[in-house]
Amino acid sequence: MKKWIAVLLAALLLMSFSACGADEAQSAGQTAGKAAGESFTLGKETYALEKWVLLPEYDTDTMRGYGLCLVQQEAVAPIKITSQGYSSLVDATLDVGGTELPTRNISFIKTDGAPGYAARVTFEFALDKGEALPASATMRHADTKEEQRLDLSALAAPVAASAQTEEAAAQEETEAPVIPQEGLALCGDWLLTGVRFYTPEQDNGIYAIDGTMGLFEGYDLGRDLRLLEDGTFSSDINISALIEEVNELPFTAADLDFNAYGAWEFQDNLILPAPDGPALHVEEASAEGELQLKNSRTVEIESIERDGAMTKDGRVDIEITLILERA
């Protein structure tokens, strides 16, 4: 029998359950009570008032559904199980027009969306359309007969999902990077055809290179670059991996993996991948459709064996230029 009860309790953590009857109504002159975010104990569990949500399943021509959400620390379903079934140990009423409005239902689910709390209890109500949300409520525990007044006055009114989506889209449109006129010619799809490595100081005594690697069909470290007018940056080019595979390039450049970036800006003739990408100077953008992007940096040269001897190590300035053509 104990085994079956344990299984039932586990299942109920993810189910909603019907509300039990509330105790006798308290007088309208009670204090405001706990506000949002203020924790309190009812029974053996710790709760805090969280928010209002909309419950469209209760909407009619004259009524609108609302859920009053509280979060719980312990993730323990406040229910009583008997041979006749189960019932909620907690209930709530809203103070509406001098009377107490009972719940239609109560739901209890686990959540990771409220830091410091592990579950959410939602008391479900139906209010007359056009009626203001109440400023107070009472939560009760059936076994201990405890009551806790709740101050709802500072809770924000819930917003319909469609309105939230429109607001988010508008905000995203407002915050999207705007590519200036001089950068618009760079927008579109590009294909990487080569990479040039060059040390401006050829006689630095540590390491020197001046060579271009051609990249053709079958190259598997990424060749595609897409720059869009809305600031979207998309690329599978991974120069970091290319450098790691070539012994003659004894240095690293982790930020040249362009898979890591999703946006770009253009200023002072520089393409700036975001977040925190390397600056790419536009060296050439021909009408024939060739684009050269140069990144200048200082790298730490690693000592390697060459012709039976170890090379020097140290810091060297290097230019890495991506050569692309219109895709």
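Everything discussed here concerns the structure shown above.
The rules behind each value
- Residues numbered from 1 in each chain as written.
- Predicted model: local features only at pLDDT ≥ 70, side-chain atom pairs only at ≥ 80, totals over all residues.
- Heavy atoms only, no water.
- Helix = DSSP H or I, 4+ residues; strand = E, 2+ residues; numbered from the N terminus.
- Buried < 20%, exposed > 50% of the residue type's maximum accessible area, 1.4 Å probe, protein only.
- Areas by Shrake-Rupley, 256 points an atom, 1.4 Å probe, with all protein chains shown as cover.
- Contact = heavy atoms within 4.5 Å.
- 1 Å grid on protein atoms, 1.4 Å probe; cavity = no way out; pocket = protein on both sides within 12 Å on 5 of 7 lines; lining within 4 Å.
- Points joined across faces, edges and corners; volume = space filled by probe spheres on them.
- Nonpolar A, V, L, I, M, F, W, Y, C, P; charged D, E, K, R; others polar.
- Pairing = 2+ DSSP bridges.
- Axes fitted to C-alpha atoms, helices over the stretch in contact; angles between N-to-C directions.
- Core = buried A, V, L, I, M, F, W, Y, C linked by side-chain atoms within 4.5 Å.
- Phe/Tyr/Trp six-rings, centres within 6.5 Å; stacked < 30°, edge-to-face > 60°.
- Lys NZ or Arg CZ within 6 Å of the ring centre and 35° of its normal.
- Salt bridge = Lys/Arg side-chain N within 4 Å of Asp/Glu carboxyl O.

**Here we look at the overall build of the protein chain**
Counting its secondary structure elements, the protein chain contains three helices and 23 strands. Per-residue burial over the protein chain gives 39% buried out of 327 residues. Surface summary for the protein chain: the accessible area is close to 17800 Å², and the carbon and sulfur share equals 49%.

**Details of the environment of Phe197**
Along the chain, Phe197 falls in strand 13 (residues 188–198). Contact partners of Phe197, with chain neighbours within four places excluded, come to Ile209, Asp210, Gly211, Met213, Leu242, Ile243, Leu249, Phe251, Glu319 and Ile320.

**What about empty space enclosed by the protein?**
Counted according to the given criterion, the structure contains one cavity of 30 Å³ or more. Volume-wise, the largest cavity comes out at about 40 Å³. Of the residues in the lining of the largest cavity, the class split is eight nonpolar, one polar and no charged.

**Quick look at the sheet that holds strand 11 (residues 136–141)**
Strands belonging to one sheet form pairs held by backbone hydrogen bonds; the direction of such a pair is parallel or antiparallel. Spatial strand order, 8-7-11-12: four strands in an open sheet with antiparallel pairing. Because the sheet does not close on itself, it has two edges, and the strands there are strand 8 (99–102) and strand 12 (147–151). Across this sheet, the average inter-strand angle for adjacent strands is 30°, counted without regard to direction. When strand 7 (residues 90–96) meets strand 8, the two strands line up antiparallel, connected through four bridges. Paired with Asp95 across the strands is Glu100, a residue of strand 8.

**Let's talk about the nonpolar core**
Phe197, Ile239, Phe251, Phe258, Ile271, Leu293 and Leu324 are the most contacted members of the largest nonpolar core, which totals 40 residues. Ranked by size, the runner-up nonpolar core spans 27 residues in total, among them Leu70, Val96, Phe108 and Met139.

**Notes on the packing of aromatic side chains**
Overall, the coordinates contain six aromatic pairs when judged by the stated rule. Measuring from ring centre to ring centre gives 6.4 Å for Tyr207 and Phe251, while their planes differ by 70°; the resulting arrangement is edge-to-face. Taken together, the positions of Tyr207 in the loop between strand 13 and strand 14 (210–214) and Phe251 in the loop between helix 3 (239–245) and strand 17 (263–267) put the pair 44 residues apart, joining distant regions of the chain. Assessed through its relative accessible area of 2%, Phe251 is described here as buried. Feature note: the residues Phe233, Phe258 and Tyr261 constitute an aromatic cluster, connected by ring pairs. Over the ring of Tyr198 we find Arg196, and its NZ or CZ is 4.5 Å from the ring centre.

**Remarks on the pattern of salt bridges**
If charged atoms from side chains of opposite charge come close, those side chains can pair. One pass over the full model with this rule turns up 11 salt bridges. With a shortest N-O distance of 2.7 Å, Glu50 and Arg120 are connected by a salt bridge. A residue pair is termed long-range when its members are at least 10 positions apart, and Glu50 in strand 3 (residues 45–54) and Arg120 in strand 10 (residues 119–128) qualify at 70 residues. We classify Glu50 as partly exposed; its relative accessible area is 22%.

**Details of the environment of Ala48**
On the secondary structure map, Ala48 appears in strand 3. Each C-alpha atom of the pair Ala48 and Val121 lies 9.9 Å from the other, and the pair is 73 residues apart in sequence. When sequence neighbours within four positions are dropped, the list of residues in contact with Ala48 reads Gly37, Glu38, Ser39, Phe40, Leu70, Val71 and Tyr117.

**Topic: the environment of Lys312**
In this fold, Lys312 is placed in the loop between strand 22 (309–310) and strand 23 (314–326). Taking the C-alpha atoms as reference points, Lys312 and Glu302, 10 residues apart in sequence, are found 7.6 Å from one another. Residues contacting Lys312, with those up to four places away along its chain left out, are Gly205, Ile206, Ile301, Glu302 and Ser303.

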